[in-house]
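Here is how the chains run, residue by residue.
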Amino acid sequence: MRDPLSALSDAFTSFLFGKVETTRLPVRTSTGQAQAVYLPTAAPGLGDSGVIIGREVYSGKGYIYDPFQLYGQQLPAPHWLVLGESGNGKSALEKTYVLRQLRFRDRQVVVLDAQGEDGVGEWNLIAQELGITPIRLDPTAALNGGIRLNPLDPSITTTGQLALLRTIIEVAMGHGLDERSGFALKVAHAYVTATNTDRQPVLMDIVEQLRHPKPESAEAMNVDIDDVRAWGLDVALVLDRLVDGDLRGMFDGPTTIGIDLDAPLIVFDLSHIDRNSIAMPILMAIVGVWLEHTWIRPDRKKRIFLVEEAWHIINSPFVAQLFQRLLKFGRRLGLSFVAVVHHLSDVVDGAAAKEAAAILKMASTRTIYAQKSDEARATGRVIGLPRWAVEIIPTLTPGIAVWDVNGNVQVVKHLITEAERPLVFTDRAMTEGSTDDLLPEDIRAAELEAEQRAARIEHQQRMNESSESTVA
């Protein structure tokens, strides 16, 4: 029984200073028993149906993501934005995600491959593994029987053809068409589609009609024929670049026969095109509209449209408007648009800031790999990341990213199987000086560092226990 004086002293001390913590002797136990004391806590996952990405870093739980499974429940839109500096894992994520999606029978993927080396695109190895021949758009090869895509292909509606022609011209000119130039293009297109019934109309037909308009084209609007010719001259000069300029051969003839749009994976190899030239956004526009009218069909297939170097789309107002329409249209037909961008600041401060904001708003899923601190803060402001996520982005190691799935923010480590590794870690990618993945040597080094850190912690704990025994 306690001494009455001690009990009175304790009561008086508690009254003045609050309750005094009791002193407990250290208890030696096992981790298996102690885990019940500290119950595991983790953010809720996204369900257990879909594609395995990796594991959530803090809880160790498996992380599963599939926009088609989540659409309508946790996702308002199936579109996805991937951000991050080179060398942190974007390429590995894209490739393994596509390979895993293709294990479902109702999936189909189109990739715009804008990077490559040794004359082939970055996706060439995966295409070979799946028995797919990439659609290689190359101006030099096109002149010798290479791939051609016809903007006036009859499979594209007349409205779609005219919209595509306007986009091509506006991208090349850097500004919108005025009413007179637009009228000249409209009457030229109408005449060509009405008179060429025995073959596919081609761009040269439009150019010739703009240079030599028919009298009836002028009479329709009660204007002089010379005025119509003058209105269409600049338009003809722009289209002439696709017919007889540096893009010659790829779009100035009937669409190449034999392009398999029913293959599970379709790769457009754009690696032969200068990524910094005006040709790239023009290509993006043509391929986007061509796919919209020939690939996306109401057949209940789930389709993924993955675009590397997507700033060529988001940074051009006219191409961005075209793809914005495609994204709205695609949600009704099971299309998930995946845009891969290095720096968000490249587009949100560019000429297409309004259009870029609209596309970013449609992307309900955002994956952010390591970025510099200032870039991470800018990204966080634009897409509304919580402060803790912004603060850890600069500290992320390769293969680890912040995932924001419609407000469900988690840190995820992407895992790659041994079967996928040869398709992801290629010698060609390593020689580029900035692999987008964590190399095996880096993995072993990281594991060794973790083991050493754990050993230091264990040693420190033993020292603390020894000190407590000595005091006792």
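Residues numbered from 1 in each chain as written. Predicted model: local features only at pLDDT ≥ 70, side-chain atom pairs only at ≥ 80, totals over all residues. Heavy atoms only, no water.

Hey, could you run me through helix H18 (residues 373-383) in this one?
Three- or four-residue spacings in an α-helix give side chains the same orientation, since the helix completes a turn every 3.6 residues. Here H18 has its buried residues at Glu 375, Ala 376, Thr 379, Gly 380 and Ile 383. In a view along the axis of H18, the buried residues occupy a sector of 135°, so they form one face of it. Opposite the packed face of H18, turned more than 90 degrees from it, sit the exposed residues Asp 374 and Arg 381. Positive phi shows up at Gly 384, right after H18, with a value of about 75°. (Buried < 20%, exposed > 50% of the residue type's maximum accessible area, 1.4 Å probe, protein only. Helix = DSSP H or I, 4+ residues; strand = E, 2+ residues; numbered from the N terminus. Arc of directions from axis to C-beta.)

I tried to follow the packing of aromatic side chains on my own but got confused; where do I start?
Taken as a whole and judged by the stated rule, the model has 12 aromatic pairs. Pairing Phe 183 with Trp 231 gives two aromatic rings, centres 6.2 Å apart and planes at 75°, and the pair type is edge-to-face. Here Trp 231 lies in helix H11 (residues 225-231) and Phe 183 lies in helix H8 (residues 179-195), a separation of 48 residues in the sequence. Here Phe 183 matches Trp 231 in class, with each residue buried. An aromatic cluster of at least three residues, connected via ring pairs, comprises Tyr 63, Tyr 65, Trp 80, Tyr 97 and Trp 403. Stacked on the ring of Phe 104, the Lys or Arg Arg 107 has its end atom at 4.7 Å from the ring centre. The aromatic ring of Trp 295 is capped on one face by Arg 303, whose charged end is 5.5 Å from the ring centroid. (Phe/Tyr/Trp six-rings, centres within 6.5 Å; stacked < 30°, edge-to-face > 60°. Lys NZ or Arg CZ within 6 Å of the ring centre and 35° of its normal.)

I would appreciate a short explanation of the pairing of strand E2 (residues 62-65) in the present structure.
Each regular strand shows side chains that alternate between the opposite faces of the sheet. Taken together, the four bridges between strand E1 (residues 51-56) and E2 define a ladder with antiparallel strand orientation. Paired with Arg 55 across the strands is Gly 62, a residue of E2. Here E1 folds back onto E2 in antiparallel fashion, the turn holding five residues, of which Gly 60 has a positive phi close to 80°. (Pairing = 2+ DSSP bridges.)

I would appreciate a short explanation of the nonpolar core in the present structure.
Looking at soluble globular proteins, one finds that nonpolar side chains tend to be buried together. With 92 residues, the main nonpolar core has Leu 137, Leu 239, Phe 268 and Phe 305 as its most contacted residues. A per-element tally of this core places helix H13 (residues 279-294) first, with 11 residues. Ignoring any residue separated from it by four or fewer positions in sequence, one finds Phe 268 in contact with Val 110, Val 111, Leu 112, Asp 113, Ile 135, Leu 137, Leu 149, Val 287, Trp 290 and Leu 291. Core analysis: the next-biggest nonpolar cluster, separate from the first, contains 34 residues, Leu 93, Leu 102, Ile 132 and Tyr 369 among them. (Core = buried A, V, L, I, M, F, W, Y, C linked by side-chain atoms within 4.5 Å. Contact = heavy atoms within 4.5 Å.)

Just to check I follow, could you spell out the sheet that holds strand E3 (residues 79-83) for this structure?
Think of a sheet as strands paired side by side through backbone hydrogen bonds, with each pair either parallel or antiparallel. Within the open sheet, the 11 strands sit side by side as E2-E1-E13-E12-E11-E3-E10-E9-E4-E8-E7. Their pairing is mixed. Among the strands making up the open sheet, the edge pair consists of E2 and strand E7 (135-136). Here E3 pairs with strand E10 (residues 335-341) via four bridges, running parallel. When the sheet's bridge partners are listed, Leu 83 is paired in E10 with Val 341.

Would you mind going over the pattern of salt bridges with me for this structure?
Note on pairing: side chains with opposite charge can pair once their charged atoms come close. Tallied over the full model, the rule gives 14 salt bridges. Of the charged contacts, one joins Arg 199 and Asp 205 as a salt bridge, the two residues approaching to 3.0 Å between their closest N and O atoms. Of the charged contacts, one joins Arg 303 and Asp 299 as a salt bridge, the two residues approaching to 2.9 Å between their closest N and O atoms. Under the relative-accessibility criterion, Arg 303 is labelled buried at 1%. Through salt bridges with shared partners, a single ionic network connects Asp 66, Asp 106 and Arg 107. (Salt bridge = Lys/Arg side-chain N within 4 Å of Asp/Glu carboxyl O.)

Help me understand the environment of Glu 85 in this model?
When you line up the elements, Glu 85 lands in the loop between E3 and helix H4 (90-101). Classification of Glu 85 by relative accessible area gives buried; the value is 17%. For the pair Glu 85 and Tyr 369, spaced 284 residues apart in sequence, the C-alpha separation works out to 6.9 Å.

I would appreciate a short explanation of the pairing of strand E12 (residues 400-405) in the present structure.
A large share of E12 lies buried, amounting to six of its six residues. Burial of the side chains of E12 extends over both faces: Ile 400, Val 402 and Asp 404 are buried on one face and Ala 401, Trp 403 and Val 405 on the other. Relative to strand E13 (residues 408-414), E12 is paired through six bridges, and the arrangement is antiparallel. Across the sheet, the residue bridging to Trp 403 is Gln 410, located in E13. Counting the residues between successive antiparallel strands, the hairpin from E12 to E13 contains two residues, one of them, Asn 406, with a positive phi of roughly 55°.

Please explain the side chain of Asp 113 as it appears in this structure.
The residue Asp 113 is located in strand E4 (residues 107-113) in this model. Of note is the side chain of Asp 113, whose polar atom sits 2.8 Å from the backbone nitrogen of Trp 123. What Asp 113 contacts, discounting residues up to four positions off in sequence, is Gly 121, Glu 122, Trp 123, Asn 124, Val 267, Phe 268, Asp 269, Leu 270, Ser 271 and Glu 308. (Polar contact = N/O pair within 3.5 Å; in protein donor to acceptor, adjacent residues only side chain to side chain.)

Could you clarify how one ought to interpret the side chain of Thr 379 in this entry?
Secondary-structure assignment places Thr 379 in helix H18. At 3.1 Å, the side chain of Thr 379 and the side chain of Gln 371 are in polar contact. With near-sequence residues (within four places) excluded, Thr 379 lies in contact with Leu 83, Leu 344, Ile 368, Gln 371 and Gly 384.

Teacher, can you tell me more about the packing of helix H7 (residues 158-173) against helix H12 (residues 233-244) here?
Two measures define how a pair of helices packs: the angle their axes make with one another and the distance between the axes. Two numbers describe how H7 lies on H12: the axes approach to 10 Å, and their chain directions differ by 95°. Our classification of the angle between H7 and H12 gives roughly perpendicular. Within the contact between the two elements, H7 uses Leu 165, Ile 168, Ile 169, Ala 172 and Met 173 and H12 uses Val 235, Val 238, Leu 239 and Leu 242. Looking at the contact of H7 with H12 residue by residue, the classes come out as nine nonpolar, no polar and no charged. (Axes fitted to C-alpha atoms, helices over the stretch in contact; angles between N-to-C directions. Parallel < 35°, antiparallel > 145°, perpendicular 65-115°, else oblique. Nonpolar A, V, L, I, M, F, W, Y, C, P; charged D, E, K, R; others polar.)

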